[in-house]
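Inside the fold
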Amino acid sequence: MSTRDRLRIAMQKSGRLTEPAQDLLTRCGLSFRQSRDKLFCFGEGEPVDLLLVRDDDIPGLIAQGVCDLGIVGRNVLSEFQLTAPPEQAELSELRTLGFGRCRLSIAVPQELNYQGPETLQGLSIATSYPGLVGDWLQRRQIQAKVITLAGSVEIAPRLGTADAICDLVQSGGTLVANQLRETDILLESEAVLAGPKQLPADERGDMLELLLKRLDGVIQVRESRLLLLQTSRQHLEQVTRLLPGGPQPILLGIAGQPDQVLLQALCAGEVTWRELEDIKKAGAREMLVLPVEKMLA
Ligand code: ATP
Ligand code: MG
């Protein structure tokens, strides 16, 4: 691995992951000067630079040591791990990032009498993920022909080039539009922070550790809500029992109303309307749910 004193992160140049990845890095306190070719962005402040590339190239760039980290879909990372030469495939998921959620699924024409994966025996499957599909078929001892296509996989059955497909699905709308039916999920995917199994031992290692800590803070904050409410001491136990995520609430007295308290609780995750309504029924009033901007314990 080459030695460098600046950390280099690869992310998608333009696509579904670009905006949320950029937003995440900004929240981690990183900012970049955009260069004219927009491929390499020099980091201002912290010694962290950005490389903007096609998402498919990200695992390879990390494996070759060109970049130290990458923000990429688990689908792309897993495909690389299954198809790259073993000495290159030594990458790991350092963090899951909570955006770019989708699944890699088998889909078949609606009129096909699908009775489970065995139905695929002897058929052909079009996909951009031959590694993941091949692995899935092999585990089930199914012999099917895997046809690798770079894009427009969903029209292959209608064109007669394949009997079934395996592609990324989010809402399922594209499948329905192409008269396809989702049958099996091969992989649940989201964006991940990918890195080498062996982290760099020079200054980059320290920066990486710092970045991971900030990232954990950002992810925790993003999923936290501050719940404020008023209740009576008599209802306190019941109300506290219903707080989502089981937080330890802080209680404040209210001047002139000795039997009333103001409760403040940091909830891990969303607080739904249904949960609020149940807490209200248990005796709470004046409820407020607030997003958390920064947290430092
Ligand atoms: P590039 O030009 O960088 O190769 P791309 O066309 O391969 O772009 P996008 O369509 O931008 O990539 O998708 C990037 C990633 O977003 C996917 O690899 C996947 O992890 C995630 N993703 C989330 N939802 C979907 C979806 N409905 N279809 C495709 N990808 C999705
Ligand atoms: Mg791509």
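Residues numbered from 1 in each chain as written. Chains lettered and ligands numbered in written order. Predicted model: local features only at pLDDT ≥ 70, side-chain atom pairs only at ≥ 80, totals over all residues. Heavy atoms only, no water.

Named according to an unreviewed UniProt entry, the chain is ATP phosphoribosyltransferase originating from Frateuria aurantia. Under the UniProt heading Function (unreviewed entry), the note attached to the chain is "Catalyzes the condensation of ATP and 5-phosphoribose 1-diphosphate to form N'-(5'-phosphoribosyl)-ATP (PR-ATP). Has a crucial role in the pathway because the rate of histidine biosynthesis seems to be controlled primarily by regulation of HisG enzymatic activity." (UniProt positions renumbered as here; feature names shortened; annotations may be inferred.)

1. Things to note about the coordination of the magnesium ion (ligand 2)
At this site the magnesium ion (ligand 2) is bound by D55 (OD) and D56 (OD), with donor distances of 2.1 Å. We classify D56 as partly exposed; its relative accessible area is 44%. (Donors = N, O, S within 2.8 Å, 3.2 Å for Na, K, Ca; no water. Buried < 20%, exposed > 50% of the residue type's maximum accessible area, 1.4 Å probe, protein only.)

2. Some words on the confidence of the model for the chain
Of the residues in the chain, 98% reach a pLDDT of 70 or more, and the chain-wide mean stands at 94. For this predicted complex, the interface confidence comes out at an ipTM of 0.97, alongside a pTM of 0.85. (pLDDT = per-residue confidence, 0-100.)

3. Quick word on the side chain of Q12
Within the element layout of this structure, Q12 appears in strand β1 (residues 7-12). Judged by its relative accessible area of 11%, Q12 is buried. Polar side-chain contacts of Q12 include one of 3.0 Å to the backbone nitrogen of L17. Excluding residues that lie within four positions of it along the chain, Q12 makes contacts with L17, T18, L52, V53, D55, I58 and I71. (Helix = DSSP H or I, 4+ residues; strand = E, 2+ residues; numbered from the N terminus. Polar contact = N/O pair within 3.5 Å; in protein donor to acceptor, adjacent residues only side chain to side chain. Contact = heavy atoms within 4.5 Å.)

4. Section: the site of ligand 1
Close to ligand 1 lie 15 residues; Q12, R54, D55, D56 and N75 are nearest. At a separation of 2.8 Å, an oxygen atom of ligand 1 approaches a polar side-chain atom of R54. One of the side-chain nitrogen or oxygen atoms of D55 is found 2.8 Å away from an oxygen atom of ligand 1. If ligand 1 stood free it would expose 630 Å²; the protein chains cover 77% of that surface. Split into classes, the residues belonging to the shell around ligand 1 amount to 4 nonpolar, 6 polar and 5 charged. (Near = heavy atom within 4 Å. Areas by Shrake-Rupley, 256 points an atom, 1.4 Å probe, with all protein chains shown as cover. Nonpolar A, V, L, I, M, F, W, Y, C, P; charged D, E, K, R; others polar.)

5. Observations concerning a nonpolar patch on the surface
On the surface, a nonpolar cluster with roughly 230 Å² of combined accessible area is contributed by I250, L252 and L262. Within the secondary structure layout, L252 lies in strand β14 (residues 250-254). Since its relative accessible area comes to 40%, L252 is described here as partly exposed. (Patch = residues over 30% accessible without salt bridge, like charges linked within 9 Å, V, L, I, M, F, W, Y side chains within 5 Å. Salt bridge = Lys/Arg side-chain N within 4 Å of Asp/Glu carboxyl O.)

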